[in-house]
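Fold and contact review
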There are 2 protein chains.
Amino acid sequence: MRRVSTSALAAIFGLLFTNASSFTTAFSSHHLRSSQRRVFQSTSTRFNMSSSSAAANTQDQQKQYQPDVSQFMTGDRPAETKDYVMQQTMLRVKDPLKSLHFYCSVLGFKLVMYSEFPQWGFNVYFVAPVDSVHIPQGDDETAKAARWKYCMNLPGCIELTYNYGTEQEDGQVYNTGNADSTGTTNGEKVKGGFGHIGITVPDVYEACERFQQMGVEFHKTPNSGGMKGLAFLKDPDGYLVEVLPQGPMIQKPVDCAGIEANNGGEGYKDNSK
Amino acid sequence: MRRVSTSALAAIFGLLFTNASSFTTAFSSHHLRSSQRRVFQSTSTRFNMSSSSAAANTQDQQKQYQPDVSQFMTGDRPAETKDYVMQQTMLRVKDPLKSLHFYCSVLGFKLVMYSEFPQWGFNVYFVAPVDSVHIPQGDDETAKAARWKYCMNLPGCIELTYNYGTEQEDGQVYNTGNADSTGTTNGEKVKGGFGHIGITVPDVYEACERFQQMGVEFHKTPNSGGMKGLAFLKDPDGYLVEVLPQGPMIQKPVDCAGIEANNGGEGYKDNSK
């Protein structure tokens, strides 16, 4: 387990994230000395860098890597797509009760709909951060149809899929997508595609105080590592859950783990390398 | 590549999905003869079955696998979580322009916000199916702050992460989470955790006609395989995108690939086994 002290980066990320608008500004490389740049790369939680990425330092390459994407931000959506909803992200889980406790009791999601298929060996559970008053309750056909319709029109659901028997298996069952031990071979790292889900909250530090008290495992507390003001939790299967603010990025002097913002923070393990 | 004909299952899934409310009803096992059950399992796109799942046939086991989850559907969310938003699902992509074309031009998403970090070797692109009129435009600090705030409060965004250089690599770069060739070793299958994202649309068959005309690669057209009325697309990295209806599940006689609902359909490759 590698631990890093990143006090220089604390200041840089403080600058980057204190003002939300800075997040959309591409920093020019003179903001980082090369030694700092190396440290940052070793602490990135977000990415599985390819070997070629380290060479991306010439002006031509930088231009190549910053394509003009303005066409995708403006203008009308194709008319045929105007009612499309991004409804679900499906994750397989080892133990549905542990996952439902985490997503519902800890993160404040509700179970919107579920389906059990014992003859086929699986159940699916749709969860989303909504008030239960909006969820059609009841077991009659009308209620079930209304619940289906409500769920299918609700953006940002997580579909937790449980294949029978996995809760009896030892250890981690599923690859989390971040090149952790499951899925690696011969010492080589798998390039994980899926990275994480992310929730936004009114106050990251307050939210994390509660998560800490509830015994949630952190991948990164708000002040640990180089990035201040955001956190990563681990769900019961090890999937990462990013915790971000709904307003400007801020940092507070001390976080839920007692880590101070101005010393870079210890206790941050990067498992994406 | 295994192709299966599943005419018996066509009828079963027609029954299952024609009435949306049936989706929340656990079918008892007598709906399937054992031979049909085996075929179904071999055609499931949703799950990487564990070896133990096949044994889940006793009444005790079925009871064990259907936990009482009613507590998670009703009642108030914890007060501290009442404003939480399920904001993002992060996927790493090989080529941002190809991904943006797919998510925006094909699926009707808009680029809500992006950030370029050339000195650190990555860009991130947040996309969601929203009208651009809602996205604060402009490059001044006020606009950027408004855009950040809008994005962070928008449920169901996809954060496409691009690590510089991947677009120059040969073939598939990222594991899609479904035990495809990337990430397997020594003939053993990786248990992929992430399964897919899913969009809902007013009419699956109409949507798929358009996708077909645009040259989108299908993992499953609406009538192919056993499950009628839903489709799976592949995004440019091979991630699966499920296409589901916003209302009741229906099936139409012929789908975009000319496959008839009443013959089970050919051309369905299951790569999750």
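Source: prediction; values computed, not measured.

**Some details on the overall build of chain A**
Each helix and strand counted, chain A has six helices and eight strands in total. For chain A, the sequential pattern of α-helices and β-strands runs α-α-α-β-α-β-β-α-β-β-α-β-β-β. A total of 273 residues make up chain A; the buried ones form 62% of that total. Within chain A, contacts between residues at least 6 apart in sequence are counted, and of these 66% link residues at least 24 apart. On chain A, roughly 10300 Å² of surface is accessible, and the fraction owed to carbon and sulfur atoms is 50%.

**Observations regarding helix α5 (residues 141–152) of chain B**
All names here are of chain B. For α5, built from twelve residues, the straight-helix expectation of 16 Å at 1.5 Å per residue is met to within 8% by its first-to-last C-alpha distance of 16 Å. Regarding α5, the residues found buried are A143, K144, R147, W148, C151 and M152. Seen end-on, α5 carries its buried residues on one side only, within an arc spanning 160°. The outward face of α5, more than 90 degrees from its buried face, is lined by the exposed residues T142 and K149.

**A word on the side chain of B:N223**
All names here are of chain B. Inspection of the secondary structure assignment puts N223 in the loop between β6 (218–220) and β7 (231–234). Given a relative accessible area of 0%, N223 falls into the buried group. Within the structure, the side chain of N223 is placed 2.6 Å from the side chain of Y205, a separation counted as a polar contact.

**Details of the pattern of salt bridges**
Pairing of side chains with opposite charge becomes possible as their charged atoms draw close. In the structure shown here, the tally under the stated rule is 14 salt bridges over all chains. A:D131 is the partner of B:R77 in a salt bridge, and the nearest nitrogen-oxygen pair spans 3.8 Å. Note that B:R77 is positioned in the loop between α3 (59–64) and β1 (85–92) and A:D131 in the loop between β3 (122–128) and α5 (141–152), a pairing that runs across two chains. By relative accessible area, B:R77 is classed as buried at 9%. For A:K252, the salt bridge is made with A:D203, and the minimal N-O distance between the two is 2.9 Å.

**Some thoughts on the UniProt feature "active site" (unreviewed entry) in chain A**
Residues and elements named next belong to chain A. Within this numbering scheme, the UniProt entry marks E242 as carrying the feature "active site" (unreviewed entry). Mapped onto the secondary structure, E242 falls in strand β8 (residues 240–245). By relative accessible area, which is 0% here, E242 ends up buried.

**What about the nonpolar core?**
The nonpolar side chains of a soluble globular protein tend to be buried, and buried together. Residues A:Y103, A:L107, A:F211, B:Y103, B:L107 and B:F211 are the most contacted members of the largest nonpolar core, which totals 123 residues. If we ignore the near neighbours within four places in the chain, the residues touching A:Y103 are A:L91, A:G108, A:F109, A:V127, A:L160, A:I197, A:D235 and A:V241.

**Quick word on the pairing of strand β4 (residues 157–163) of chain B**
All names here are of chain B. Taking burial as the measure, the seven residues of β4 include seven buried ones, the bulk of the element. The alternating pattern of β4 places C157, E159, T161 and N163 and I158, L160 and Y162 on opposite faces, both of which are buried. The pairing of strand β3 (residues 122–128) with β4 spans six bridges and is antiparallel. Along β4, the bridge assignment pairs V124 with T161.

**Side note on the side chain of B:T81**
Within the fold, B:T81 resides in the loop between α3 and β1. Overall, the relative accessible area of 0% leaves B:T81 in the buried class. A polar contact is formed between the side chain of B:T81 and the backbone oxygen of B:P78, at a distance of 2.7 Å. Once you skip the residues sitting within four places of it in the chain, B:T81 turns out to touch A:V106, A:L107, A:G108 and A:R210.

Rules and cut-offs
Residues numbered from 1 in each chain as written. Chains lettered and ligands numbered in written order. Predicted model: local features only at pLDDT ≥ 70, side-chain atom pairs only at ≥ 80, totals over all residues. Heavy atoms only, no water. Helix = DSSP H or I, 4+ residues; strand = E, 2+ residues; numbered from the N terminus. Buried < 20%, exposed > 50% of the residue type's maximum accessible area, 1.4 Å probe, protein only. Contact = heavy atoms within 4.5 Å. Areas by Shrake-Rupley, 256 points an atom, 1.4 Å probe, with all protein chains shown as cover. Expected span 1.5 Å × (residues − 1). Arc of directions from axis to C-beta. Polar contact = N/O pair within 3.5 Å; in protein donor to acceptor, adjacent residues only side chain to side chain. Salt bridge = Lys/Arg side-chain N within 4 Å of Asp/Glu carboxyl O. UniProt positions renumbered as here; feature names shortened; annotations may be inferred. Core = buried A, V, L, I, M, F, W, Y, C linked by side-chain atoms within 4.5 Å. Pairing = 2+ DSSP bridges.

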